[in-house]
Amino acid sequence: MSREVCVHTWPCSYYLELDKRWVPGKLSLTSCSLKFAGDEAQETLVSFPLSGITAIKKEASHFVFSSITVLEKDNRKHWFSSLQPSRNAAFSVIEHFWRELLLSQPEAPLPATKGKELTGLMACSQKRLEDTARVLHHQGEQLDSITRGLDKMESDLDVADRLLTELESPSWWPFSSKLWKMPSETKLKGDASTASPKALGKEGVVVRIPAVVSQRTASHVKPGSLTVLVSGLEIHDSSSALMHRFEREDVDDIKVHTPYEISIRQRFIGKPDIAYHLISARMPEAIPVLEVQFSKKMEVLGDALTPSSTKTSSPAEKGCSMWHTASGLMDRAVHHEPCPGSQDGQPLQLQTTQPFISEGDAQELRQILRKLKGLALDTEAELERQDEALDDITAAVDRTTLTIDKHNRRAKKLT
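Under the annotation held in an unreviewed UniProt entry, the protein carries the name Synaptosomal-associated protein 47 and is attributed to Felis catus. The protein has a UniProt comment under Sequence similarities (unreviewed entry) that states "Belongs to the SVAP1 family."

Draft legend 1. Examining the overall build of the protein more closely. Counting secondary structure elements, the protein contains seven helices and 15 strands. With 415 residues in all, the protein has 34% of them scored as buried. Across the protein, the fraction of contacts at a sequence separation of at least 24, relative to all contacts at a separation of at least 6, is 53%. Carbon and sulfur atoms make up 56% of the accessible area of the protein, which amounts to about 25,200 Å² in all.

Draft legend 2. Structural view of the nonpolar core. Ranked by internal contacts, the top residues of the largest apolar core, which has 29 residues, are Trp10, Leu27, Leu29, Leu34, Phe80, Leu83 and Phe97. Taken together, the elements giving at least two residues each to this core come down to β1 (6-16), β2 (21-30), β3 (33-38), β4 (44-49), β5 (53-61), β6 (65-72) and α1 (87-104). Residue contributions to this core peak at seven residues, all from α1. Each residue touching Leu83, except ones within four places of it in the same chain, is listed here: Trp10, Pro11, Cys12, Leu27, Ile68 and Ala90. Among the nonpolar cores identified, the runner-up in size contains 27 residues, and Val207, Val213, Phe246 and Ala286 belong to it.

Draft legend 3. Spatial organisation of unusual backbone geometry. Backbone torsion omega between Gln84 and Pro85 reads 10°, so that peptide bond is classified as cis. Relative to the assigned elements, Pro85 resides in the loop between β7 (77-81) and α1. The phi dihedral of Ser82 is positive, around 55°, even though this residue is not glycine. When you line up the elements, Ser82 lands in the loop between β7 and α1. For Ser82, a relative accessible area of 42% puts it in the partly exposed group. For Ser240, which is not glycine, the phi torsion reads 70° and is therefore positive.

Draft legend 4. Looking closely at the pairing of strand β11 (residues 242-247). Bridge count between strand β10 (residues 232-237) and β11: five bridges; the pairing is antiparallel. Note that in β11 the partner of His236 across the bridge is Leu242.

Draft legend 5. Region of interest: the pattern of salt bridges. According to the stated counting rule, one finds 16 salt bridges in the structure shown. The shortest N-O distance in the salt bridge between Arg245 and Glu247 comes to 2.8 Å. By relative accessible area, which is 22% here, Arg245 ends up partly exposed. The network of salt bridges with common partners includes Lys127, Asp131 and Arg134.

Draft legend 6. Inspection of the UniProt feature "coiled-coil region" (unreviewed entry) in the protein at higher detail. Here, the residues flagged by UniProt with the feature "coiled-coil region" (unreviewed entry) are residues 362-389. The span residues 362-389 shows a helical share of 100% and a strand share of 0%, and its end C-alpha atoms are spaced 40 Å apart.

Draft legend 7. Highlighting the packing of aromatic side chains. Per the stated rule, a full pass over the model turns up six aromatic pairs. Centroid distance Phe97 to Tyr260: 5.7 Å. Interplanar angle 75°. Geometry classified as edge-to-face. Residue Phe97 is found in helix α1, and its partner Tyr260 is found in the loop between β12 (253-258) and β13 (261-266); the two are separated by 163 residues along the sequence. Taking the relative accessible area as the measure of exposure, Tyr260 reaches 8% and is therefore buried. Ring pairing ties together the aromatic residues Tyr14, Phe36 and Phe80, which thus form one cluster.

What counts as what
- Residues numbered from 1 in each chain as written.
- Predicted model: local features only at pLDDT ≥ 70, side-chain atom pairs only at ≥ 80, totals over all residues.
- Heavy atoms only, no water.
- UniProt positions renumbered as here; feature names shortened; annotations may be inferred.
- Helix = DSSP H or I, 4+ residues; strand = E, 2+ residues; numbered from the N terminus.
- Buried < 20%, exposed > 50% of the residue type's maximum accessible area, 1.4 Å probe, protein only.
- Contact = heavy atoms within 4.5 Å.
- Areas by Shrake-Rupley, 256 points an atom, 1.4 Å probe, with all protein chains shown as cover.
- Core = buried A, V, L, I, M, F, W, Y, C linked by side-chain atoms within 4.5 Å.
- Pairing = 2+ DSSP bridges.
- Salt bridge = Lys/Arg side-chain N within 4 Å of Asp/Glu carboxyl O.
- Phe/Tyr/Trp six-rings, centres within 6.5 Å; stacked < 30°, edge-to-face > 60°.

See below:
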């Protein structure tokens, strides 16, 4: 198994109960455990899983030093003090990961079979493809809006052409009254086309996760949430009040520090940038969606790899192997064929008496595969439509540019 990814580290002191003294060192948090290593010996003095914690509290040692206490199931109590940059920052992050781990644990865990594991992988792939299709649909709506804007611009240029013709015509020209009536009609037509698109309904939520949010300094953190929309990002506090909204085009860069920690920034000239730092136990769910929406603005720092990307195989290889595994397992489940591990063509006794996956799991996999195929075909059709829309937009922009240049030359002749 791969090593656990360190979420965050805080310099602090740990109270050794046997020696009755405080030991300086660093407190490290991973997605599943909490560890403390001393500065002198550089060895782990204490380590325990988050699932074994029963309580995390803010307390004061000797009524002077602010500390964090962690109580395990065996009633063993650990004291951590002198936390930097602040006790509140460390407490908020540790409590967030502890609570998310408790909420994610099933009440009655069932033994996982190969069929269930494969079904879970396919369901996760289906969810990712649905998120991608939702973002692609919003991108198509934006292209349609651009097309409507270009159509209105061409209509306005037609009005400008008639006005320039009116100005260029001699004063005795008998048809000037009709030319001056056209702008009002065109304006009404333009207003109708502008009011036709839906003003609402585009704020589709792609994913929403709880997070620990900090803005300027790492010592001032607060619990909140990150909402990824098809049109941007929203950051809320614990009471669901909106702290800030990033429009999709306003985001300048998103830095991935760890699989559980990101920072979002919007740059300004002449005033401070707007930047938010977010840590979440469910950040691996949001990072793939952010990669789809902000692929050119994402920056992965250091070894900030997602837990599923620690292997050396490429995403295409992993996806291909998953599809081959799914088809192979389904064939063996239905036809009861022996696995490649059997010797001399003779299947093992266990394989002849029990299928590799159950018929119910195979049926569920077929349904998921059919949905994935439908999503893939719809995505392909949408991409082809958007390619045609981009070609039309390119042609319309070229026509509009030529028309504007021609009108500018005509207007210069009149001055």
